[in-house]
Amino acid sequence: MQEFDVAVIGAGPAGISAAIESAALGVSVALIDDSPLPGGKVFAYPVNYLEGSERKIRNRLFRGMGHFKDRIFIFSETEVWNIQGEYTLGLCRKEISGAKPLEIRAKKIIISIGALERSLPFSGWTLPGVFSLGGMNKLAKKGIVPGKRILIAGSGPLQLVLAYHLLKAGGSIEGIINIASPMQMVGGLPGIFTSASYSLLKSGLRYLINIKVNRIPTYFSHAVSRIDGTDGVESVTIVKLDKCHKPVKGSERQINADCVGYGLGLIPSLDLTRLCGCAHVFDEELGYWRPKLNGNMETTRPGVFVAGDCLTIKGYLAAIEEGKIAAAEACYQLGVHNKNHLGSTFAASSRKLKRYRRFARALEALSRPRPGLLDLITEDTVVCRCEEVTFGQIRSAVTAGARDINDIKRRTRLGMGHCQGRFCGQVINELIMKLTGNMQKREMFTSRIPARPIPFGVLSGQCGGHDDL
Amino acid sequence: MCAKADQHCHKREEHPEVFTIEVNGKNIVAHAGQTIAEAMLANGLKVFRRTRNGSPRGPYCGMGICYECRMIVNGIPNVRTCMTPATPGCKVLTQDESLMRVE
């Protein structure tokens, strides 16, 4: 079994930065990522797809990684499905010829697996042609436009980024609809202007001008209420929302679109911190679950650190700083440097971080959905995409006596599919509260291995050919 | 001590800039650096999978989380096409789970 001082899970901006910092301090690093190329969702593109400061930062990170290539071992196309003991990591390498099992050991773990998109179910959101904003943005960035008439729905800054890249790729946008009211948008501006860096404001302004110049219709206080079609998006119905984001009856109208990008901001990806048994808190101000911290980026489980968007959503600049702090603390605990170095790393990063965190809160205030939006979920709306569990089935389970989310899971199979409850888990607490009428404690699904779908052969330590799938 | 890095590093093969892949028996054009999902969407193909109830699905999250884009690639089922690079001549089939036997 290979042994490393530090295992960094997720090779995005936070992970690469943590790997470089650790390697610079002289320890050996395993950098594990499920993509074919390192870089994460921001930087895993060939350089010519990136612009301005993004390109500069990517090059700096990749140069650093290259500089320490004798100490940073990259496991690409590799999933972490198990973490046990002090610390043995169960890995599964995805190869086109079949999955391969692998175990490595590490003294410290830094988890930097980033974010996923917040989404609330509505009728038709499972149809081909409906993408998350980030998913469609990834396509558009590479010049691929997945439809002829695209509607951008939901909320959050990703809408602007997506519109910019779609137009650049030659796409045609039917409209942008946002759940926030114009008043809410204006109210959020001071927060943005006082915390955003100059380069972020500049790109934000460029995105806005781009939308104005191309005369894209923009509707505030609107959401998609349903999408119809047989093998793809054929018609999209949008509806006006009131102050609590409750749909206004009779305000529905049709939009002629064949492709929809939809998302309500980002939330941290928590499957691995949950697997490690770290404590989590529901941050009422931010509106999502996050790992609880116990010192410098360390979770409540000693030796397990987090960095980047899998802690709170702040973007890649903050992720790079947090990666550095997590690595410096992990290496300090390993005894490779003294407290002075830790102090100077921390001082250099913490001022920048304060500002990024303020910016994150300002953005979150603009993208956060309010409870009224749950009224869009009808009886036949699929809530769990993987196991095709509808809201009607959840209602029956609650009527039959189910009171907590793990009970719903056992009764309906909600959250038991391939994605392991990463989408339905976002909304199931709210749905139970809505159905039972009382505010109860929020919960998360019990975490179990394997954290990712793997072939049986990998589980038993055998080589997993496709016969085992 | 550290072992050899290359052992676990994925070796990048050089592919021609433009090549074809086979989707449900039909050849479509793909470009180097594209995933299978990107090549299919660029060619206007949207239905990647059918659930056991027969409903159509295509890529949603685009980053390997939702598993909606899984297809049969070179005979291996449940391959996430949004995470798998297109390679010349690879054979891709719609994964129809209504036809798969689930005990």
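The structure this text deals with has already been given above.
Source: prediction; values computed, not measured.

Each value, and the rule that gives it
- Residues numbered from 1 in each chain as written.
- Chains lettered and ligands numbered in written order.
- Predicted model: local features only at pLDDT ≥ 70, side-chain atom pairs only at ≥ 80, totals over all residues.
- Heavy atoms only, no water.
- Helix = DSSP H or I, 4+ residues; strand = E, 2+ residues; numbered from the N terminus.
- Rg over C-alpha atoms; globule rule 2.2 N^0.38 Å.
- Buried < 20%, exposed > 50% of the residue type's maximum accessible area, 1.4 Å probe, protein only.
- Contact = heavy atoms within 4.5 Å.
- Areas by Shrake-Rupley, 256 points an atom, 1.4 Å probe, with all protein chains shown as cover.
- Expected span 1.5 Å × (residues − 1).
- Arc of directions from axis to C-beta.
- Phe/Tyr/Trp six-rings, centres within 6.5 Å; stacked < 30°, edge-to-face > 60°.
- Buried area = accessible area lost by both parts, 1.4 Å probe.
- Salt bridge = Lys/Arg side-chain N within 4 Å of Asp/Glu carboxyl O.
- Polar contact = N/O pair within 3.5 Å; in protein donor to acceptor, adjacent residues only side chain to side chain.
- Pairing = 2+ DSSP bridges.
- Axes fitted to C-alpha atoms, helices over the stretch in contact; angles between N-to-C directions.
- Parallel < 35°, antiparallel > 145°, perpendicular 65-115°, else oblique.
- Left-handed = near helix turned anticlockwise from the far one by under 90°.
- Nonpolar A, V, L, I, M, F, W, Y, C, P; charged D, E, K, R; others polar.

**Points about the overall build of chain A**
Next, step 1: On a plain count of helices and strands, chain A comes out with 14 helices and 21 strands.
Next, step 2: For chain A, whose C-alpha radius of gyration is 22 Å, the value lies close to the compact-globule estimate of 23 Å for 469 residues.
Next, step 3: Projected onto its principal axes, the C-alpha positions of chain A cover 65 × 55 × 45 Å.
Next, step 4: Residues counted as buried form 59% of the 469 residues belonging to chain A.
Next, step 5: Long-range pairs, those at least 24 residues apart, make up 66% of the contacts in chain A between residues at least 6 apart in sequence.
Next, step 6: Counting only carbon and sulfur atoms, one obtains 54% of the accessible surface of chain A, whose full area is about 19,000 Å².

**Digging into unusual backbone geometry**
Trans peptide bonds make up most of the peptide bonds, and negative phi angles are found at most residues other than glycine.
All names here are of chain A.
Next, step 1: Here the residue pair Glu86 and Tyr87 is connected by a cis peptide bond, since its omega of -20° sits within 30 degrees of zero.
Next, step 2: The omega angle of the peptide bond from Ile449 to Pro450 is -5°, so this bond is cis rather than trans.
Next, step 3: Topologically, Pro450 is positioned in the loop between helix H13 (428-436) and helix H14 (456-459).
Next, step 4: The backbone of Arg413 shows a phi angle near 75°, a positive value even though the residue is not glycine.
Next, step 5: As for its position among the elements, Arg413 is in the loop between helix H12 (405-412) and H13.

**Observations regarding helix H7 (residues 198-213) of chain A**
Residue and element names in this part refer to chain A.
Next, step 1: The end-to-end C-alpha distance of H7, which contains 16 residues, comes to 22 Å, matching closely the 22 Å that a straight helix rising 1.5 Å per residue would cover.
Next, step 2: Buried within H7 are the following residues: Ser203, Tyr207, Asn210 and Ile211. Here the buried residues of H7 occupy an arc of 100° about the axis, which is enough to place them on one side. Those residues of H7 that are exposed and angled more than 90 degrees off the buried face are Tyr198, Lys202, Leu205, Lys212 and Val213.
Next, step 3: Where the residues of H7 are buried, they touch helix H5 (158-168), strand E10 (173-177) and strand E11 (218-219).
Next, step 4: Remark: Arg215 follows H7 within two positions and exhibits a positive phi of approximately 50°.

**Regarding the packing of aromatic side chains**
Next, step 1: According to the stated counting rule, one finds 9 aromatic pairs over all chains in the structure shown.
Next, step 2: Taken together, a centroid distance of 5.6 Å and an interplanar angle of 75° make the contact between Phe423(A) and Tyr60(B) edge-to-face. Taken as a pair, Phe423(A) in the loop between H12 and H13 and Tyr60(B) in the loop between strand E4 (56-57) and strand E5 (70-73) lie in two separate chains rather than in one.
Next, step 3: We classify Tyr60(B) as buried; its relative accessible area is 1%.

**Examining the interface of chain B and chain A**
When the parts of a complex come together, some accessible area is lost, and that lost area is often taken as the interface size.
Next, step 1: Counting residues at the interface gives 45 residues for chain B and 55 residues for chain A.
Next, step 2: When chain B packs against chain A, the two sides together hide about 4,400 Å² of surface, and 56% of this comes from carbon and sulfur.
Next, step 3: Summed over the shared surface of chain B and chain A, the result is 6 salt bridges.
Next, step 4: For the salt bridge of Glu388(A) with Arg57(B), the shortest nitrogen-to-oxygen distance reads 3.7 Å.
Next, step 5: Counting across the chain B and chain A interface gives 16 residue pairs in polar contact (both at pLDDT 80 or more).
Next, step 6: Put simply, the parts of the chain that give the side of chain B that touches chain A at least two residues each are helix H1 (36-42), E4, E5 and strand E6 (76-80) of chain B.

**Some thoughts on helix H1 (residues 13-24) of chain A**
One turn of the α-helix equals 3.6 residues, which is why residues spaced by three or four share an orientation.
Residues and elements named next belong to chain A.
Next, step 1: In this model, H1 (12 residues) spans 16 Å end to end at C-alpha, consistent with the 16 Å of a helix rising 1.5 Å per residue.
Next, step 2: Among the 12 residues of H1, 11 are classified as buried, and the element is accordingly described as predominantly covered.
Next, step 3: All of the buried residues in H1 are Pro13, Ala14, Gly15, Ile16, Ser17, Ala18, Ala19, Ile20, Glu21, Ser22 and Ala23.
Next, step 4: After H1 finishes, the residue Gly26 shows a positive phi value of roughly 100°.

**Points about the sheet that holds strand E8 (residues 95-96) of chain B**
Residue and element names in this part refer to chain B.
Next, step 1: Strand order in the open sheet made by the 3 strands is E4-E3-E8, with mixed pairing throughout. Strand pairing shows two members of the sheet lacking a second neighbour, E4 and E8, which therefore form its edges.
Next, step 2: As paired strands, strand E3 (residues 49-50) and E8 are joined by 2 bridges and run parallel to one another. Bridging from a neighbouring strand, Arg49 pairs with Gln95 of E8.

**A word on the environment of Thr412(A)**
Residue and element names in this part refer to chain A.
Next, step 1: The topology assignment puts Thr412 in helix H12.
Next, step 2: Measuring from C-alpha to C-alpha, the distance between Thr412 and Arg448 comes to 18 Å, with 36 residues separating the pair along the chain.
Next, step 3: Aside from chain neighbours lying at most four places away, what touches Thr412 is Val389, Gln393 and Ala397.
Next, step 4: There is a polar contact of 2.7 Å between the side chain of Thr412 and the backbone oxygen of Ile408.
Next, step 5: Within the structure, Thr412 has its side chain in polar contact with the backbone nitrogen of Leu414 (distance 3.1 Å).

**A closer look at the packing of helix H3 (residues 52-67) of chain A against helix H9 (residues 316-333) of chain A**
Residue and element names in this part refer to chain A.
Next, step 1: With their axes 12 Å apart at the nearest point, H3 and H9 run at an angle of 20° to one another. Considered as vectors, H3 and H9 are oriented roughly parallel to each other. H9 is crossed by H3, and the crossing has left-handed handedness. Along the contact surface, H3 presents Ser53, Glu54, Ile57 and Leu61, while H9 presents Tyr316, Leu317 and Ile320.
Next, step 2: Residues of the contact of H3 with H9, tallied by class, amount to 5 nonpolar, 1 polar and 1 charged.

**Concerning the sheet that holds strand E15 (residues 259-264) of chain A**
Residue and element names in this part refer to chain A.
Next, step 1: Strand order in this open sheet of 5 strands is E8-E15-E9-E10-E11, and the pairing throughout is parallel. Whereas interior strands pair on both sides, the edge strands pair on one side only; in this sheet they are strand E8 (130-132) and E11.
Next, step 2: Sheet topology places E10 next to E11; 2 bridges connect them, and they run parallel. Considered in E11, the bridge of Ile177 is made with Tyr219.
Next, step 3: Packing of helix H4 (residues 133-141) onto the sheet brings it into contact with E8, strand E9 (150-155) and E15, and relative to E8 it is tilted by some 95°.
Next, step 4: Relative to the sheet, H5 contacts E9 and E10, its axis offset from that of E9 by approximately 165°.

**Looking at the pattern of salt bridges**
Next, step 1: Evaluated as defined, the whole model comprises 33 salt bridges over all chains.
Next, step 2: A salt bridge links Arg206(A) to Glu51(A); its shortest N-O distance comes to 3.2 Å. With Arg206(A) in helix H7 and Glu51(A) in the loop between helix H2 (40-43) and H3, this residue pair connects regions lying 155 residues apart in the sequence.
Next, step 3: The partner of Lys352(A) in a salt bridge is Glu321(A), with the nearest N and O atoms 3.3 Å apart. You can see Lys352(A) sitting in helix H10 (residues 339-367) and its partner Glu321(A) sitting in helix H9, a full 31 residues away along the chain.
Next, step 4: For Lys352(A), a relative accessible area of 40% corresponds to the partly exposed category.
Next, step 5: On the basis of relative accessibility, which here comes to 6%, the residue Glu321(A) falls in the buried class.
Next, step 6: Each of Arg385(A), Glu388(A), Arg49(B), Arg57(B), Glu68(B), Arg70(B) and Glu97(B) takes part in a single network of salt bridges with overlapping partners.

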